[in-house]
Amino acid sequence: MKRNPKELEFSHRKLTRRALLLGGLQLGFAGGLAARMRYLQVDQADQFRLLAEENRINIRLLPPARGEIFDRNGITLAQNSPSYRITIVPEDAGDVGEVIAKLSRLIEIDPEDIERAMAEMRRSPPFLPVTLADQIGWEDISKVAVNAPALPGITPEVGLTRIYPQRGAFAHVVGYVGPVSDYDLSKMESPEPILRIPRFQIGKVGFEAKREDALRGKAGAKRVEVNATGRVMRELDRREGEAGADMQLTVDAELQSYVQARLGNESAAAVIIDCEHGDTRAIASSPSFDPNLFVRGISVADYSLLTGDPYRPLANKAVQGTYPPGSTFKMVTALAALEEGLIGPEETVRCPGYLEVSGRRFHCWKRAGHGHVDLNTSLKQSCDVYYYDLALKVGIDKISAMANQLGLGVRHDLPMSAVASGLAPNREWKQRVHGQDWLIGDTANASIGQGYMLASPMQLAVMTARIASGRSITPRLLKSIDGIEQPSGGGEPLGLNENNLRTVRRGMFSVSNDRRGTGYRSRIIAEDIRMAGKSGTSQVRNITAAERAAGVIRNEDLPWERRDHALYVCFAPYDKPRFAVAVVVEHGGGGSRAAAPIARDVMLQALFDGTPPLSAYPKGDRSRIKAQQERLERKRLKREETGGSDRA
């Protein structure tokens, strides 16, 4: 049927408008798309190029080599050693349990390590490697490499770990490193990214921890190309890290090993300080432990043995332990009185065996008393009553101030863990801490190093070095950093009257060299290296009036933990002091019996820079000393062979 021309014209106009509308919409869409593409490809090109690059290129940190630690003669105390480990990539392994079972049949793997690795795999992406076994031998690595085709996802790797070749001799000085823990990270305000590297090691205690900043070094980095899931495709470039600084300590490794051995089975500590520069030549605490046990993470069984030992092998008694200094403090009281001009060397005090103070008797160690004693005799025979009387004249504030001047009650700035401040109390301290007035009886107790008075073996060695030299000797542990010598601890003059110092030194000389001196049996007989010293015995229990009336119980008859501490301090040679020594034997009984022989032996070892001749010892001691030297040498050789750290 033929359509009307008007209808055809209307229909054509309608189609044309629709086509124009559709064309306009298409043109608008295309224009918008073009504008958007221009915005993305031109205006925002740099931003999206950066985002694409960040998705494609990752920066991975490279752990630096840790700085090594040496003794004053260059003997290695802490070093880095190649460490072979086996890692597994879970997604490459497929059936992880089956692969680990195959590996366990090939080499021995600790079940605890497997459990730890499985826990780590559960919380990590499947493409990240997880350590299955660390510090394994070359033979095991070779077995894994040969059988690699049958162990999908398993990779043998090599890294660095910390080794302590001196074992227990330097455990308390150098300390040890260990993997970074969540606790370590929680103590840091902004942890460095390098600390999040799996099993990265940091210093935990001792010198390793205190100088972590310099020993750690600076991390390197490598750029790697990764795919969309984060898997590494290839390494693009690498910048090696900056190794940590090498540190040289003032300690003598041979002397330190001897002192550690000489302390034997005792719960004890000994410190040797150079009287010229303040260098600490030995800082020993007994018993010790093997720091290598802690590097990978110590087992529960091994840790329980250490914490359960009543002799506390983990504690550094040399700087952390504080003890009543006992009669080794009497030089402080004497100097305080001499400096105030309250006594002269020839003035005497009568000792009937006690002194009545405010209605209470303060007893001398010698029940019958010493009779009339002057300053020299009071030191030589360690008369307590002489110092009770002296303290009442001079007062606690002057005594406390003199103690501080000689290095007691002061925290010495050493890069070691838990360095104690000790305590040299005064009136203000007791009021502030206990809310009580200072009593005259407190002064009497403090005068002989009892009551509130506390000092570490390190502080006692510093005190002795200052008396010997007349200078404010400061203990120094760090000798050099990367070969750059560190400041000396020689110190300035103390400002004390030299005549007063000579008076006290003469008294200490009498202690060791007069037949009635408390340290006479542990003297040095070589004329050019005569020693001056002072014994001390500090009570750890109260002696009741009833016990004193019936007779004080001997230390040997008491349980170990209730026996008195034994102390001895000394310096030598008397005419030109080179070294000062302090020894504390916990619950050792009398200082002259338990501590003085050790102090004399380690002093001779330091003076002769090795085994001293028997001619330096009294004739009656030579056969015993010879047997002792041979025994210690055998034990030293045994430790070197086995790498052990026994308590002898």
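Relevant structure appears above.
This write-up is about the structure you can find in this document.

**As for the overall build of the protein**
- Scanning the protein from terminus to terminus reveals 24 helices and 21 strands.
- Within the protein, the fraction of its 648 residues that count as buried is 49%.
- Taking as baseline every contact in the protein between residues at least 6 positions apart, the subset at least 24 positions apart corresponds to 72%.
- Surface accessibility of the protein: about 31500 Å² in total, with carbon and sulfur atoms responsible for 51%.

**Re the packing of aromatic side chains**
- By the definition in use, this model includes 11 aromatic pairs.
- When the ring of tyrosine 386 is compared with that of tyrosine 387, the centres are 5.1 Å apart and the planes differ by 65°; the resulting orientation is edge-to-face. Grouping residues by exposure puts tyrosine 386 and tyrosine 387 together as buried.
- With a centroid separation of 5.1 Å and an interplanar angle of 65°, the aromatic rings of tryptophan 429 and tyrosine 452 are classed as edge-to-face. Highlighted residues: tryptophan 429 in helix H18 (residues 427-434) and tyrosine 452 in the loop between helix H19 (440-447) and helix H20 (457-469), separated in sequence by 23 residues.
- A residue is classified by how much of its surface remains accessible, and tryptophan 429, at 13% relative accessible area, is buried.

**With respect to the environment of tyrosine 354**
- Residue placement: tyrosine 354 occurs in strand S14 (residues 354-357).
- Judged by its relative accessible area of 28%, tyrosine 354 falls in the partly exposed class.
- Considering only alpha carbons, one finds tyrosine 354 and arginine 367, 13 residues apart in sequence, at a separation of 7.8 Å.
- Sequence-distant contacts of tyrosine 354, that is, excluding residues within four places in its chain, are made with Arg361, Phe362, His363, Cys364 and Val385.
- In terms of polar contacts, tyrosine 354 uses its side chain to reach the side chain of arginine 361, at 3.2 Å.

**So, the pattern of salt bridges**
- Taken as a whole and judged by the stated rule, the model has 31 salt bridges.
- Here glutamate 586 ties to arginine 312 by a salt bridge, and the two come within 2.4 Å at their closest N and O atoms. Of this pair, glutamate 586 sits in the loop between strand S21 (579-585) and helix H23 (591-607) while arginine 312 sits in the loop between helix H13 (300-307) and helix H14 (330-339), placing them 274 residues apart in sequence.
- Look at arginine 312 and you get partly exposed, because its relative accessible area is 38%.
- Close ionic contact of glutamate 485 with lysine 479 constitutes a salt bridge, the shortest N to O distance being 3.4 Å.
- With relative accessibility at 45%, the residue glutamate 485 sits in the partly exposed group.
- Connected through shared salt-bridge partners, Arg66, Arg162, Glu192, Glu208, Glu212 and Arg216 make up one network.

**Remarks on H14**
- Where burial is concerned, most of H14 is hidden: nine out of the 10 residues are buried.
- Within H14, the full set of buried residues consists of Lys330, Met331, Val332, Thr333, Ala334, Leu335, Ala336, Ala337 and Leu338.
- With its phi angle positive at about 70°, glycine 341 sits one or two positions after the end of H14.

**A word on the environment of lysine 204**
- Turning to its location among the elements, lysine 204 is positioned in strand S7 (residues 201-205).
- Residues lysine 204 and serine 417, spaced 213 residues apart in sequence, show a C-alpha to C-alpha distance of 9.3 Å.
- Here lysine 204 is in contact with Tyr176, Val177, Gly178, Pro179, Val180, Ser181, Asp184 and Ala209, once residues within four sequence places are set aside.
- Here proline 179 takes part through its backbone oxygen, which lies 2.9 Å from a polar atom of the side chain of lysine 204.

**Re the sheet that holds strand S20 (residues 565-572)**
- Read across the sheet, five strands follow the order S12-S11-S21-S20-S19 without closing on themselves; strand pairing throughout is antiparallel. Each edge of the open sheet carries a strand with a single partner, namely strand S12 (280-286) and strand S19 (532-538). The mean angle between the axes of side-by-side strands here comes to 5°, regardless of whether they run parallel or antiparallel.
- Note that strand S11 (residues 268-274) and S21 share seven bridges and pair antiparallel.

**Observations regarding the side chain of arginine 600**
- With respect to the helices and strands, arginine 600 occurs in helix H23.
- Once you skip the residues sitting within four places of it in the chain, arginine 600 turns out to touch Arg521, Ser522, Arg523, Ile524, Met531, Tyr617, Pro618, Asp621, Arg624 and Ile625.

**Let's talk about helix H17 (residues 396-405)**
- Taken as a whole, H17 has its buried residues at Ile396, Ile399, Ser400, Met402 and Ala403. On an axial view of H17, the arc spanned by its buried residues comes to 160°, and they lie on one face.
- Looking at the buried positions of H17, the neighbouring elements they touch are H14, helix H16 (384-394), H18 and H19.
- Just beyond H17, the residue with positive phi is glycine 407, at close to 100°.

How each quantity is defined
- Within each chain, residues carry numbers counting from 1 in the order of the written sequence.
- For a predicted model such as this one, the threshold for reporting local features is a pLDDT of at least 70, and the threshold for listing and counting side-chain atom pairs is 80 or more; totals across whole chains, interfaces and linings nevertheless cover every residue.
- Side-chain measures were taken over the full set of non-hydrogen atoms in the model, leaving aside hydrogen atoms and water.
- Helix and strand labels come from DSSP, where a helix needs a run of H or I of at least four residues and a strand needs a run of E of at least two; each type is numbered from the N terminus.
- Whether a residue is buried, partly exposed or exposed follows from its accessible area with a 1.4 Å probe, protein chains only, as a fraction of its type maximum: under 20%, in between, or over 50%, in that order.
- Only heavy atoms matter for contacts: two residues are in contact if any of them lie within 4.5 Å across the pair.
- Residue-level accessible areas treat just the shown protein chains as cover; the underlying method is Shrake-Rupley with a 1.4 Å probe.
- Centres within 6.5 Å make a pair out of two Phe, Tyr or Trp rings, where for Trp the six-membered ring is used; the pair is then stacked when the planes are under 30 degrees apart, edge-to-face when over 60, and tilted otherwise.
- Whenever two N or O atoms come within 3.5 Å, that pair is a polar contact, provided that in protein one can donate a hydrogen and the other can accept it, and provided that, for residues adjacent in sequence, both atoms are side-chain atoms.
- Any carboxyl oxygen of Asp or Glu within 4 Å of a side-chain nitrogen of Lys or Arg constitutes a salt bridge here.
- Think of it this way: DSSP has to see at least two bridges between two strands before they count as a pair.
- To get an axis, a line is fitted to the C-alpha atoms, and for a helix only the part in contact is used. The angle between two axes follows their N-to-C directions and goes from 0 to 180 degrees.
- It is the directions from the helix axis to the C-beta atoms that the arc portrays.

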